[in-house]
Amino acid sequence: MTTHSSAPHNPPSPRPAPPLWLLAELTYRCPLHCAFCYNPVDFARHSRELETEQWVRVLREARALGAVQCGFSGGEPLLREDLEVLVSEARGLGYYTNLITSGVGLNEARAQRLKAAGLDHIQLSFQDSTREVNDLLTNTHTWQLKHRVAALIKQHGWPMVVNVVIHRLNIDHIGRIIEMAHELGAEYLELANTQYYSWAHVNRDQWLPTRAQLQEAEAETDRWRSTLGDKMRIFFVSPDYHEAKPKKCMNGWGNVFLTIAPDGVALPCHTARMLPGLAFENVLDRSIEQIWYESAGFNRYRGTGWMKEPCSSCPDKEKDLGGCRCQAYLLAQDAEAADPVCPKSPHHGLVQAALEQVETRALQPQASGCSALGQNQPHGTAQIHAGLIYRGPKESLALTSAPASTAPP
């Protein structure tokens, strides 16, 4: 395992541009238990949350630095009673505001208050086009609630993005998912192929689809694009493992996105906290300007100066910036390694082996109690993939071993 010194690294030259997108993760609390959640696996050990006044200071400092868009997320941000106060503050500062929600907690009264506060936009998550699979994947009964919330969003005139994480258990329903989003009145649909970190990495064997499933899903998406035209924009987020082409993570480490975790830790991406040996600073201790420009955590993987081979001599290094650092750590146990999805990576065989295992399993007779939702069998879900580890506080504590941090900020 490769670790890094927490001593400050010299900032790249020229001076980085300011952040444009602030992601305010207000809480890790959530009524859903999605087994592909991007919250850190050890979220239960970070139970502290910034108070209202502290979040207001974050909003003001980030706006003064140059951020223009603010997303309120979690966990479930609607669990924060001060959400309307923070939305109003952000709107008054000139942010374009976005609520990223499961819908749980959004009723008529809350919608009226958020509208009055100036909320610009809502992203609503669904997990599938069927009640059975939606409720299975969240380990809740939220199917009807999400439909009511979608109607409420349209009633109040908000632009709506429907977000659906795509994986083996719902990818064969993609046509119906698109149809459902259109029927709900969504302006945008994001079909987000699962990225395998955090809880999705824990459950990776259950989530990876076959190449044939992906090809058919893309073809079906293209057919719907032709049918719908401009009535709804559909984004099909390409899958890392199958594309064999690393992505510029978060549009560049410490380049555009600034994430503030519930306890105030500032991160270049929402999963970076997992990387060993990096000291990410807290907004309670330093200003956002100092953290963005001077901290070791934000400067560590900016630009290309940190790279080693094969990235350092690669002609595409400015295009992909070496790919995802968290993925490199999870697969290669080396955050400085080339993203293993890249064919040039010496660790690319790890990705190939995972994909080959999926293809081999698809050719085998179905084991009892492991029915494939991808075979158009949305019913009988009590027997489907019993090996899933759902996101929850008990599971978080069981999967991690560090002492819990519960001291007040």
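Reading guide: rules and limits
- Residues numbered from 1 in each chain as written.
- Predicted model: local features only at pLDDT ≥ 70, side-chain atom pairs only at ≥ 80, totals over all residues.
- Heavy atoms only, no water.
- Axes fitted to C-alpha atoms, helices over the stretch in contact; angles between N-to-C directions.
- Helix = DSSP H or I, 4+ residues; strand = E, 2+ residues; numbered from the N terminus.
- Parallel < 35°, antiparallel > 145°, perpendicular 65-115°, else oblique.
- Left-handed = near helix turned anticlockwise from the far one by under 90°.
- Contact = heavy atoms within 4.5 Å.
- Nonpolar A, V, L, I, M, F, W, Y, C, P; charged D, E, K, R; others polar.
- Salt bridge = Lys/Arg side-chain N within 4 Å of Asp/Glu carboxyl O.
- Buried < 20%, exposed > 50% of the residue type's maximum accessible area, 1.4 Å probe, protein only.
- Pairing = 2+ DSSP bridges.

Caption draft 1: How the structure looks around the packing of helix α6 (residues 174-184) against helix α9 (residues 211-228). Relative orientation of the contacting elements α6 and α9 amounts to 30°, with a least axis distance of 9 Å. Taken as axis vectors, α6 and α9 run roughly parallel relative to one another. The element α6 and its partner α9 pack so that their crossing is right-handed. Of the residues in α9, those touching α6 at Ile174, Gly175, Ile178, Glu179 and His182 are Ala217, Glu220, Thr221, Trp224 and Leu228.

Caption draft 2: Spatial organisation of the packing of helix α1 (residues 52-65) against helix α2 (residues 83-93). Look at α1 against α2: their axes get within 10 Å of each other, and the N-to-C directions meet at 20°. On the basis of the axis angle, α1 is roughly parallel to α2. The element α1 and its partner α2 pack so that their crossing is right-handed. On α2, the residues touching Thr52, Trp55, Val56, Leu59, Arg60 and Arg63 of α1 are Val85, Leu86, Glu89, Ala90 and Leu93. A per-class count over the contact of α1 with α2 returns seven nonpolar, one polar and three charged.

Caption draft 3: Local environment of the pattern of salt bridges. Taken as a whole and judged by the stated rule, the model has 23 salt bridges. With its nearest N and O atoms 3.9 Å apart, the salt bridge here joins Glu289 to Arg15. With Glu289 in helix α11 (residues 288-294) and Arg15 in the segment before β1 (21-25), the pair connects residues that are 274 residues apart, well separated along the chain. On the basis of relative accessibility, which here comes to 44%, the residue Glu289 falls in the partly exposed class. We note a salt bridge from Glu84 to Arg110, for which the minimum N-O separation is 2.4 Å. Pair noted here: Glu84 is in helix α2 and Arg110 is in helix α3 (residues 108-117), with a separation of 26 residues, a long-range link. The exposure classification of Glu84 matches that of Arg110, with both residues buried. Each of Arg29, Glu49, Arg80 and Asp82 takes part in salt bridges that share partners, so that together they form one network.

Caption draft 4: Looking closely at the sheet that holds strand β4 (residues 121-126). Taken in spatial order, the nine strands of this open sheet run β7-β6-β5-β4-β3-β2-β1-β8-β9, and their pairing is mixed. Two strands close off the open sheet at either side, each with one partner strand: β7 (233-237) and β9 (266-267). Examined bridge by bridge, β1 and strand β2 (residues 69-73) share five bridges and lie parallel to one another. Note on β2: the bridge partner recorded for Trp21 is Gln69. Contacts from α6 reach β4, β5 (160-166), β6 (188-193) and β7 within the one sheet, and its direction differs from that of β6 by about 150°.

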